[in-house]
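What follows is the residue order along each chain.
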Amino acid sequence: MWAGILTIACSLRVHWPPMQRAEVIIVGAGIGGLVTALSLAEAGFEPHVFEAAAEVNPIGAGINLLPHAVRELCELGLEQSLRARAIEPVELAYFTKRGERIWAEPRGMRAGYRWPQLSIHRGVLQAELLRSVTERLGSERLHLGHHLDSFELADPGGVRAHFVDGQTRASRARVDGRLLIGADGIHSKVRKRFRPDEGPPRWNGAILWRGVAEAAPFLGGRTMVMAGHAAQKFVVYPIEQLEAGSSGQRINFVAELRFDPARGFEREDWNRQGRLEDFLPAFEPWRFDWLDVPGLIRAAEQTWVYPMVDRDPLEAWTEGPVTLLGDAAHPMYPIGSNGASQAILDARVLTGCLRYYRDTPERALERYDEIRREATSKIVLANRGQGPEQCMEIVEQRAPLGFSTLGDVISDEELEEIADRYKRLAGFAVRELNERRSLAEPTA
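Here is a short report on the structure shown in this document. (Residues numbered from 1 in each chain as written. Predicted model: local features only at pLDDT ≥ 70, side-chain atom pairs only at ≥ 80, totals over all residues. Heavy atoms only, no water.)

**Quick notes on helix H11 (residues 412-426)**
With 15 residues, H11 extends 21 Å from end C-alpha to end C-alpha; this agrees with the ideal 21 Å at 1.5 Å per step. Three or more residues of H11 are buried, namely Leu415, Ile418, Ala419, Tyr422, Lys423 and Ala426. Mapping the buried residues of H11 onto a view down its axis gives an arc of 125 degrees, with all of them on the same face. For H11, the elements touching its buried residues are helix H3 (67-75), strand S5 (101-106), helix H8 (339-356), helix H9 (361-384) and helix H10 (390-398). (Helix = DSSP H or I, 4+ residues; strand = E, 2+ residues; numbered from the N terminus. Expected span 1.5 Å × (residues − 1). Buried < 20%, exposed > 50% of the residue type's maximum accessible area, 1.4 Å probe, protein only. Arc of directions from axis to C-beta. Contact = heavy atoms within 4.5 Å.)

This is the structure we're talking about:
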């Protein structure tokens, strides 16, 4: 599906001289790193992106971009291309494990936002970002097959980074830069600078099986659903309309089961294929009048298995000319559709700070740290408590055998407070988002 777009990036094998310069070194070509590159280039900086993988493949499954992140992508001129390949959900609905409706709220522009919410395949989003980077920055600014081996602060300022081939460990490049941005994910090499003895990510006992199936629309074709409770959950939403003339959709799902955390887990790897026998039996009874859950799972060509992990918030992201961004800075449980959205916000706030403190970039990184670290730390901790999804667990605890009247179990006021509290925390309360200025504007 993405071969035409990805061929551009996958063919880039830049061999640099023994020493080279880059104004801003971005480590990682994920969503956060690519949005950072686009934002900084638009603001007049000269970023270079270094990615460890020799090829950038469309891994993962669906992703939800909330209106506060979509706004920033629209400001980068990506609205038309992304909306053409996405579904715009108009409702988020919560259900019990029996398919009983708990709560629903409008989403995107139907909820009063000036920007939509977008459900899209992660690979489609990354491919579009890659295409934009190569078109706007030039292919010479994207360096694949460059694994960060080490870096050190330079005297009197800046940073020197050493890159090697991820397979052979042969030296690829030594790069002097004014700044280094670590956007290299949950196993960030840059993050180790700040907490060298941190160890593996923190696992909460939950395992996620992700997949995409082609199926008929459910609940009107523009609804995002979360069903179940903390120990067993099913998340499902459409991410793309099938070809013209077809009524079908590509539907993303996440099946989640919780186990004893003491048993340990395998290293996170988005490429690890799952097995139906490990999780499908638990969902066999989940046949609702609005969705056949086991039928949808079986319709997927393959599934991918991944543990639900995060890391404890750091005391600092920044050291001189070096800072962190996205999952390298604040890996969080995939609750509330906030992981990628927060990385996009990071990129834009960082850009705004660098625009304001253009002559003192280290002060810009400090200010970025001050603004974003506290905000994202609160989301990491809130997601450990189920975030907005706690309404399902509350109903499960209060009425494990079901209910005849929801109001006897939980009030509308309690449900609204749970939803509104998380929106405020994550930065997408309707009025505040609609009225605030762009995050990429110069920020003192």
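Now, onward.
**As for the pattern of salt bridges**
In total, this model carries 48 salt bridges according to the counting rule given. The salt bridge involving Glu366 is made with Arg363; its shortest N-O contact spans 3.5 Å. Separated by three residues within a single helix, Glu366 and Arg363 lie in helix H9, roughly one turn from each other. On the basis of relative accessibility, which here comes to 40%, the residue Glu366 falls in the partly exposed class. For Glu370, the salt bridge goes to Arg367, with nearest N and O atoms at 3.0 Å. Here Glu370 and its partner Arg367 are both found in helix H9, three residues apart, which amounts to about one turn of the helix. Accessibility expressed as a relative area gives 41% for Glu370, which makes it partly exposed. On the basis of relative accessible area, Arg367 is assigned to the partly exposed category, the value being 24%. (Salt bridge = Lys/Arg side-chain N within 4 Å of Asp/Glu carboxyl O.)

**Some points on a negative patch on the surface**
There is a patch of like negative charges on the surface, built from Asp412, Glu413, Glu416 and Asp420. By the secondary structure assignment, Asp412 is in helix H11. The exposure class of Asp412 is partly exposed, given its relative accessible area of 47%. (Patch = residues over 30% accessible without salt bridge, like charges linked within 9 Å, V, L, I, M, F, W, Y side chains within 5 Å. Areas by Shrake-Rupley, 256 points an atom, 1.4 Å probe, with all protein chains shown as cover. Lys, Arg positive; Asp, Glu negative; His and termini not counted. Charge placed at Lys NZ, Arg CZ, Asp CG, Glu CD.)

**As for the packing of helix H2 (residues 31-42) against helix H5 (residues 122-137)**
At a closest axis distance of 10 Å, the pairing of H2 and H5 adopts a crossing angle of 30 degrees. Classed by the angle they form, the pair H2 and H5 counts as roughly parallel. For the crossing formed where H2 meets H5, the hand is left-handed. Side by side, H2 and H5 meet where Ile31, Leu34, Val35, Ala37, Leu38 and Ala41 of the first sit next to Arg122, Leu125, Gln126, Leu129, Leu130, Ser132, Val133, Arg136 and Leu137 of the second. For the contact of H2 with H5, the per-class residue count stands at 11 nonpolar, two polar and two charged. (Axes fitted to C-alpha atoms, helices over the stretch in contact; angles between N-to-C directions. Parallel < 35°, antiparallel > 145°, perpendicular 65-115°, else oblique. Left-handed = near helix turned anticlockwise from the far one by under 90°. Nonpolar A, V, L, I, M, F, W, Y, C, P; charged D, E, K, R; others polar.)

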